[in-house]
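# Survey of secondary and tertiary structure
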Amino acid sequence: AERPLIVAGAAAFWSHAGDLLRQFVETVKIPLMTVEQARGLIPDNHPYCFGDGYGTVNMAAQLETRVDVLLLLGDRLDHALAYGSCFGSAKIIHICPDANEIGKNHPIECGVACDVRAATAQLLEAAKSRPWKEPSEWVALLRQTRCDQVTRVQKMSASSHPGVHPARIALEVEKLLDEQSILAFDGGDFSSWARYCMFARRSGGWLASTVLGHLGVGLPYAVGAKLAFPEAKVVVLTGDGALGFSAMEIETAVRYHIPIVIVVANDAAFGVEVYYQQKWFGPDRVVGTELTNTRWDLLAASIGAHGEFVESPEQLGPALERAFASGKPACVNVISQRTPSPQTEIFSRIYLRKRANVRKNA
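Small disclaimer: the values here were computed from a predicted structure and weren't measured.

## So, the packing of helix H5 (residues 166-175) against helix H6 (residues 189-197)
Running from amino to carboxyl end, H5 crosses H6 at an angle of 55°, the nearest separation of the two axes being 9 Å. It follows that H5 is oblique to H6 by the angle criterion. Of the two possible hands of crossing, H5 and H6 adopt the one that is right-handed. Touching Pro-166, Ala-167, Ile-169, Ala-170 and Leu-171 of H5 are Phe-190, Trp-193, Ala-194 and Cys-197, all from H6. For the contact of H5 with H6, the per-class residue count stands at nine nonpolar, no polar and no charged.

## So, the nonpolar core
If you look at the biggest cluster of nonpolar residues, it comprises 47 residues, and the most contacted ones within it are Ile-6, Leu-21, Phe-24, Leu-32, Leu-70, Leu-73 and Phe-87. Counting residues per element, this core draws most heavily on helix H2 (residues 18-28), which supplies five residues. The contact partners of Phe-87, leaving out residues within four places of it in the chain, are Leu-5, Val-7, Glu-64, Thr-65, Val-67, Leu-70, Leu-77 and Leu-81. Core analysis: the next-biggest nonpolar cluster, separate from the first, contains 33 residues, Ile-169, Trp-193, Tyr-196 and Val-334 among them.

## Notes on a positive patch on the surface
Together, Arg-152, Lys-279, Arg-349 and Arg-353 make up a region of like positive charge exposed at the surface. Residue placement: Arg-152 occurs in helix H4 (residues 136-157).

## Overview of the environment of Phe-309
With respect to the element layout, Phe-309 can be found in strand S11 (residues 306-310). Overall, the relative accessible area of 27% leaves Phe-309 in the partly exposed class. Beyond its immediate chain neighbours, meaning those up to four positions away, Phe-309 contacts Arg-295, Asp-297, Gln-315, Asn-333 and Ile-335.

## Points about the packing of helix H10 (residues 271-281) against helix H13 (residues 342-361)
Contact pair H10 / H13: the axes reach a minimum separation of 11 Å and the direction vectors enclose 35°. When you trace H10 past H13, the crossing you get is right-handed. Together, Val-272, Tyr-275, Tyr-276, Lys-279, Trp-280 and Phe-281 of H10 and Thr-344, Glu-345, Phe-347, Ser-348, Tyr-351, Leu-352 and Arg-355 of H13 make up the contact between the two elements.

## Section: the sheet that holds strand S9 (residues 234-239)
The strand order across the open sheet built from six strands is S8-S7-S9-S10-S12-S11, with neighbouring strands paired in parallel fashion. Edge positions in the sheet fall to strand S8 (206-207) and S11, since each of these pairs with one other strand and no more. Direction of pairing for strand S10 (residues 261-266) relative to strand S12 (residues 330-335): parallel, over a ladder of six bridges. Note that in S12 the partner of Ile-262 across the bridge is Cys-331. Those strands touched by H5 are S9, S10 and S12, and its axis lies near 165° from that of S10. This element, helix H7 (residues 218-228), spans strand S7 (182-186), S8, S9 and S10 of the sheet and lies at about 165° to S7.

## Some thoughts on the sheet that holds strand S5 (residues 91-96)
Read across the open sheet, the six strands follow the order S3-S2-S1-S4-S5-S6; overall the sheet is parallel. Pairing within the sheet leaves two strands with one partner each, and these edge strands are strand S3 (49-52) and strand S6 (110-113). On average, each strand axis in the sheet is tilted by 15° relative to the strand beside it, whichever way the strands run. On top of the sheet, H4 reaches strand S1 (4-8), strand S2 (32-34) and S3; it is set at about 45° to S3, its chief contact.

## Some remarks on the environment of Val-261
Along the chain, the position of Val-261 falls in strand S10. On the accessibility criterion, Val-261 (3% relative accessible area) is buried. Each C-alpha atom of the pair Val-261 and Val-236 lies 6.2 Å from the other, and the pair is 25 residues apart in sequence. Setting aside chain neighbours within four positions, we find Val-261 in contact with Val-234, Val-235, Val-236, Ala-323, Phe-324, Ala-330 and Val-332.

Parameters at a glance
- Residues numbered from 1 in each chain as written.
- Predicted model: local features only at pLDDT ≥ 70, side-chain atom pairs only at ≥ 80, totals over all residues.
- Heavy atoms only, no water.
- Axes fitted to C-alpha atoms, helices over the stretch in contact; angles between N-to-C directions.
- Helix = DSSP H or I, 4+ residues; strand = E, 2+ residues; numbered from the N terminus.
- Parallel < 35°, antiparallel > 145°, perpendicular 65-115°, else oblique.
- Left-handed = near helix turned anticlockwise from the far one by under 90°.
- Contact = heavy atoms within 4.5 Å.
- Nonpolar A, V, L, I, M, F, W, Y, C, P; charged D, E, K, R; others polar.
- Core = buried A, V, L, I, M, F, W, Y, C linked by side-chain atoms within 4.5 Å.
- Buried < 20%, exposed > 50% of the residue type's maximum accessible area, 1.4 Å probe, protein only.
- Patch = residues over 30% accessible without salt bridge, like charges linked within 9 Å, V, L, I, M, F, W, Y side chains within 5 Å.
- Areas by Shrake-Rupley, 256 points an atom, 1.4 Å probe, with all protein chains shown as cover.
- Salt bridge = Lys/Arg side-chain N within 4 Å of Asp/Glu carboxyl O.
- Lys, Arg positive; Asp, Glu negative; His and termini not counted.
- Charge placed at Lys NZ, Arg CZ, Asp CG, Glu CD.
- Pairing = 2+ DSSP bridges.

Remember that the coordinates give geometry; whether it matters functionally is a separate question.
Right, here's the structure in full:
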């Protein structure tokens, strides 16, 4: 293969394949991306790991159409991976514990129904018996694309519009994290922004709402994560709409002395839906998706948590530092700019193209 790629999914995480997978990737020198629960199985700062396998939150993953051979480890070719079409004409080797998923939605060159860790161990042993050469042009392209995304995020985060840009919120949180930190993402648009801007550091340290996009999971995820790993910094990155589904779990965290930090991007809206309504149907057709700038910080403080209110970028860093230092459950309520994430814009364009095709063929 000239442009090989490995994508590791949930079954790779549940089988504890991380260490073997890292050794395998370092042996064969093939680029890796991770999705869902496998995020952080190999950290994003590893020289052969190129972040999230979903192109909506990772520019490097948008190059998946150029892949000629794909090793899919423990994931399904469902709608999140465009039923395999995002990999273009690549030959696919699919290793999955569920035989029913192999070849279900897309032609497969080679399918193996087995435990991902067991398969990775055998692949590693086989790989050790021969020399491997890095596909240097392909790796260089992926690395440059990741650098381009970092540059783009930094430019966007410097926005001077009122409020704080969602990318700036994510970057300021990133500054305070370490290799053991755990991130819980909640909501639609801000969750997408945070995943676009941040890096997975550890196995089990990237708790998102999965492909179904259900809201309200971030705070409960974080409470559980902090109990499981009490020494880790645990941060919830949530939109204001999503927080409304489970906000009273702040009281649970207070009652049981669980010091998590909740960072709310408060744009007074269900951000994805507002954008879609305006884009698809017109600015006068926004229905039931705008909220108020709720003082989540005051709500948190009223039940015993630490609260911070942020209206401008220069206030954000110190407020986050105080929240982490408080030793209490903390809520940092950030008035954020209402701006669609790259993922939201991509999905909107897909819908508009489909709608145009339907009208054309009607």
